[in-house]
Amino acid sequence: MECLVCSRIQEIKENRNPYFVCETETGYVVIGDFQLFYGYTVFICKVCAQELHELDPAFRQAFLRDMAQVAEAVFRAFQPVKLNYELIGSGNSTHMHWHLIPRRKEDAAFPAPVWTIPKTTRCGDNVRPSADQLADLRAALKRELLKAQGSEVYRFVE
């Protein structure tokens, strides 16, 4: 069965993923396809593995460092009350990817987990960002990523 996350990485490598923001040493930063939670970002591991313990220890440390830097940039860019971090997967999307979800008091279901909201609400066409909204989200996150320690090694989309 084809890995959906690997397919998304291939789109990034071919410059066909409009949600791509930047590449780090260990992963890819993308704006979430759906923005019920303004600033929702995904950090995708470059290695197709299901669990952290499957990674080489040095790579794992670097991956966790990169994730923390990306999360801090998401927090600074979108200024939530709380930032949820989730490393989950199911079906054929078990390839590790962090969900970084800015939460606000006015969010649906706050402070309950976002997954308590029906998928049809979280992933409806009405919460897909427009091209202008996506450009704004990417620009805000890029500004904060550029401030991050180690950002000189990031590859940004133009």
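Note: the structure precedes this text.
About the criteria used
Residues numbered from 1 in each chain as written. Predicted model: local features only at pLDDT ≥ 70, side-chain atom pairs only at ≥ 80, totals over all residues. Heavy atoms only, no water. Helix = DSSP H or I, 4+ residues; strand = E, 2+ residues; numbered from the N terminus. Rg over C-alpha atoms; globule rule 2.2 N^0.38 Å. Areas by Shrake-Rupley, 256 points an atom, 1.4 Å probe, with all protein chains shown as cover. Buried < 20%, exposed > 50% of the residue type's maximum accessible area, 1.4 Å probe, protein only. Pairing = 2+ DSSP bridges. Phe/Tyr/Trp six-rings, centres within 6.5 Å; stacked < 30°, edge-to-face > 60°. Lys NZ or Arg CZ within 6 Å of the ring centre and 35° of its normal. Expected span 1.5 Å × (residues − 1). Contact = heavy atoms within 4.5 Å. Polar contact = N/O pair within 3.5 Å; in protein donor to acceptor, adjacent residues only side chain to side chain. Arc of directions from axis to C-beta. Core = buried A, V, L, I, M, F, W, Y, C linked by side-chain atoms within 4.5 Å.

Engineer: Account for the overall build of the protein, with residues named and values stated.
Structural biologist: When helices and strands are counted, the protein shows four helices and six strands. In the protein, the succession of α and β elements from N to C terminus is α-β-β-β-α-β-β-α-α-β. The globule rule puts the C-alpha radius of gyration for 158 residues at 15 Å, and the 15 Å found for the protein is close to it. As displayed, the protein has an accessible area near 8500 Å², and 52% of this comes from carbon and sulfur atoms.

Engineer: Summarise the pairing of strand β5 (residues 97–103); cite the residues concerned and give the values.
Structural biologist: Counting buried residues in β5 gives seven out of seven residues, a clear majority hidden from the surface. Burial along β5 is two-sided: the face carrying H97, H99, I101 and R103 and the face carrying W98, L100 and P102 are both buried. Both strand β4 (residues 82–87) and β5 contribute to a ladder of six bridges, which runs antiparallel. Note on β5: the bridge partner recorded for Y85 is L100.

Engineer: Would you mind going over the packing of aromatic side chains in detail, with residue names and values included?
Structural biologist: Under the definition given, this model contains four aromatic pairs. Centroid distance F43 to F63: 5.4 Å. Interplanar angle 20°. Geometry classified as stacked. With F43 in strand β3 (residues 41–45) and F63 in helix α2 (residues 57–78), the pair connects residues that are 20 residues apart, well separated along the chain. Residue F43 is classed as buried on the basis of its relative accessible area of 0%. Three or more aromatic residues link up through ring pairs in this structure, and these residues are F43, F59 and F63. Taking the ring centre of Y28 as reference, the NZ or CZ of K46 above it sits at 5.6 Å.

Engineer: Account for α2, naming residues and giving values.
Structural biologist: The terminal C-alpha atoms of α2, which comprises 22 residues, lie 31 Å apart, in line with the 32 Å expected from a rise of 1.5 Å per residue. Among all positions in α2, only F59, A62, F63, D66, M67, Q69, V70, A71, A73, V74 and F78 are buried. Next to the buried residues of α2 lie β2 (27–31), β3, β4, β5 and α4 (131–147). One side-chain oxygen at the N-terminal end of α2 lies 3.1 Å from the backbone nitrogen of A58; it belongs to D56. Among the residues trailing α2, Q79 stands out with phi positive, at a value near 45°.

Engineer: Would you mind going over α4 in detail, with residue names and values included?
Structural biologist: Note that an α-helix has 3.6 residues per turn; residues three or four places apart therefore point the same way. Along its 17 residues, α4 runs 25 Å from first to last C-alpha, staying within 8% of the 24 Å computed at 1.5 Å per residue. Among the residues making up α4, those that are buried are L134, L137, A140, L141, E144 and L145. Summarising the axial view, the buried residues of α4 lie within an arc of 135°, below the 170-degree limit, and thus occupy one face. Exposed residues pointing more than 90 degrees away from the buried face of α4 are listed as A131, D132, D136, R143 and K147.

Engineer: Any chance you could break down the nonpolar core for me, citing the residues and the numbers?
Structural biologist: With 43 residues, the main nonpolar core has V29, F43, F63, L100, L141 and L145 as its most contacted residues. A total of eight residues in this core trace back to one element, the largest contributor, which is α2. Those residues within four positions of L100 in sequence are excluded, and the remaining contacts are G39, Y40, T41, F43, M67, V70, A71, V74, L83, N84 and Y85.

Engineer: Mind laying out the pairing of β3, listing which residues take part and the relevant values?
Structural biologist: For β3, the buried fraction is high: five of the five residues fall into the buried class. Neither face of β3 is left uncovered, since the one carrying T41, F43 and C45 and the one carrying V42 and I44 both have all their residues buried. Here five bridges tie β2 to β3, and the two strands are oriented antiparallel to one another. Bridge pairing in β3 links V30 to V42. For β3 and β5, the ladder comprises four bridges, and the chain directions are antiparallel. The residue of β5 that forms the bridge with V42 is H99.

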